[in-house]
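# Architecture at a glance
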Amino acid sequence: MVEETDVLILGGGITGTGIARDLELRGLDTVVVERGRLADGATGNMHGLLHSGARYAVADPESARNCIEENRILRDIASHCVDETGGYFVQLAEDDESHFERSRQACLDCGIDVESVSAEEIREDHPYLASETKRAFRVPDAVIHPFPLTVANAVDARDHGGIIETHAEVVDILVEGGAVVGAEVRYREESKIETIRARHVVNATGAWAESVGAMANIEIPMRPSKGVMVVVDFPSLDTVVNHCRPATDGDIVLPHENTAIIGTTSVEVENPDDYPKAQWEEDLMIEEASRTIPDIATARTIRSYWGVRPLFGGTDVTLEDGRALTRDFALLDHGERDDRPGMTTIVGGKLTTYRQMAEAVSDHVSSELGVSEPCRTATEPLPGRDDPDELRNTLDEFGPLPPAEELASDVIRD
Ligand SMILES: Cc1cc2nc3c(=O)[nH]c(=O)nc-3n(C[C@H](O)[C@H](O)[C@H](O)COP(=O)(O)OP(=O)(O)OC[C@H]3O[C@@H](n4cnc5c(N)ncnc54)[C@H](O)[C@@H]3O)c2cc1C
């Protein structure tokens, strides 16, 4: 059992493991503590879209630019976790003409490659699309597998000296002389509580960041938001289908092995551990997705799962100099913000932009600890890309697979 480290990272989702990898590559010692298995939170219960950014190009061009930049990086460093399906934004006869043109132009303005396709062309290649399809444009969307991606980050952190502790729940934050100096961790198997001291603590507990912050008397207003995904039997789906209209529920359908995964909704919940899961949410997914792909209405539903987004409810998105980092995620320097040095919180964002979030936190923590090594995660391939055995042998260690991956287990393990 480790007693001290440079950086103690709370939460073993994609953000926590991504930060551990980044800091280890810079030469800092890290420990990740995760209360369940790796990817137990939003990471293992998400939709699986490697965003091209097209979805955000009109309303949030900054997020869109971040997405396309990270999309290109992940296709390179983590190509083994990505299915190159491509994606389309599909306009139906009933949809607003001007939204299509606005979206297409906004993509170009954000540096996202688009290719216009006529109704005849797209229906020839993808005959399951509705006969009401009017036109479409192609974007570099893809499908990403969150579990091997999280494990690959954890394994690389470990290969560089990091420690990954699962079934290890933070039950208190240690504060001495006004500064955070570590945490108390309850280990499920040993059923005992241990203290881990650290030069810096990173709170990467997603939707649970508020309750973890409260352990250090820090207020972190979160607005956790649940979303449902419905999995239906649909072997012919071979690309990502986005309904081209202002973002709403059930607009995106992803291919996942022999199934289609329809998502999603966004409904605020009070408690990320205990929230209602209603039939109407599942019915709505089928209804909306069958507008672009009519046969979904009669396809066999295999199952549904829900995840909770770690959305930040505050407005103080700051770095040391007080400037907004991005509207997409929040990095909270608790020394600056709460007069509680020694701890940083990172919340929000998307799986697509996890590496960039990890880089921002790692830059910040490195500067706090006087380390000047640059970030290397944008160019160093993740374990498993060049040698599948590097990852295959470790997946079971962190399993069983979370809901977002169950159907792709053959792909992941073969
Ligand atoms: C419905 C839905 C669909 C989504 N679809 C997409 C998509 O298609 N594409 C995309 O890019 N992004 C998507 N996202 C967003 C993406 O999933 C999240 O932004 C990302 O996974 C957040 O990762 P995280 O590590 O910050 O949080 P999490 O994955 O939630 O990790 C936080 C971890 O902290 C742990 N924890 C909590 N309390 C403690 C404690 N006391 N001690 C120790 N550990 C603790 C939790 O168990 C959890 O594992 C979606 C999210 C949702 C909910």
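Okay, so let's go over this structure. (Residues numbered from 1 in each chain as written. Predicted model: local features only at pLDDT ≥ 70, side-chain atom pairs only at ≥ 80, totals over all residues. Heavy atoms only, no water.)

## Regarding the nonpolar core
Within the largest apolar cluster, 46 residues are counted, with the highest numbers of intra-cluster contacts made by Ile 9, Ile 19, Leu 149, Val 151, Val 202 and Ile 346. The biggest single contributor to this core is helix H5 (residues 146-159), with 7 residues. Taken together, domain 1 (4-44 + 146-223 + 311-404) and domain 2 (82-144 + 225-309) each give at least three residues to this core, which thus spans both. The contacts of Val 202, once residues within four sequence positions are left out, are Val 7, Leu 8, Ile 9, Leu 10, Ile 19, Thr 344, Ile 346, Val 361 and Val 365. Counting residues in each nonpolar core, the second largest holds 31 residues, with Val 117, Tyr 275, Leu 284 and Val 308 among its members. (Core = buried A, V, L, I, M, F, W, Y, C linked by side-chain atoms within 4.5 Å. Buried < 20%, exposed > 50% of the residue type's maximum accessible area, 1.4 Å probe, protein only. Helix = DSSP H or I, 4+ residues; strand = E, 2+ residues; numbered from the N terminus. Domains from an automatic or database assignment. Contact = heavy atoms within 4.5 Å.)

## So, the pattern of salt bridges
Between side chains of opposite charge, a pair can form when the charged atoms approach closely. Taken as a whole and judged by the stated rule, the model has 31 salt bridges. With a shortest N-O distance of 3.6 Å, Arg 55 and Asp 251 are connected by a salt bridge. Here Arg 55, found in the loop between strand S3 (49-50) and helix H2 (61-77), pairs with Asp 251, found in the loop between strand S14 (240-243) and strand S15 (252-256); they are 196 residues apart in sequence, far enough to count as distant. In this structure Asp 251 comes out as buried when scored by relative accessible area, which is 2%. Of the charged contacts in the structure, one is a salt bridge between Lys 192 and Glu 194, with a shortest N-O distance of 3.6 Å. For Lys 192, a relative accessible area of 36% puts it in the partly exposed group. Residue classification places Glu 194 among the partly exposed positions, given a relative accessible area of 22%. (Salt bridge = Lys/Arg side-chain N within 4 Å of Asp/Glu carboxyl O.)

## Some words on the packing of helix H1 (residues 14-25) against H5
Between H1 and H5, the least distance of the axes is 8 Å, while the angle of their chain directions is 30°. Classified by the angle between their axes, H1 and H5 sit roughly parallel to one another. Like other packed secondary-structure pairs, H1 and H5 cross with a definite hand, here left-handed. On the side of H1, the interface is formed by Ile 14, Thr 17, Gly 18, Ala 20, Arg 21, Glu 24 and Leu 25, while H5 contributes Leu 149, Thr 150, Asn 153, Ala 154, Asp 156 and Ala 157. Taken together, the residues that form the contact of H1 with H5 break down as 6 nonpolar, 4 polar and 3 charged. (Axes fitted to C-alpha atoms, helices over the stretch in contact; angles between N-to-C directions. Parallel < 35°, antiparallel > 145°, perpendicular 65-115°, else oblique. Left-handed = near helix turned anticlockwise from the far one by under 90°. Nonpolar A, V, L, I, M, F, W, Y, C, P; charged D, E, K, R; others polar.)

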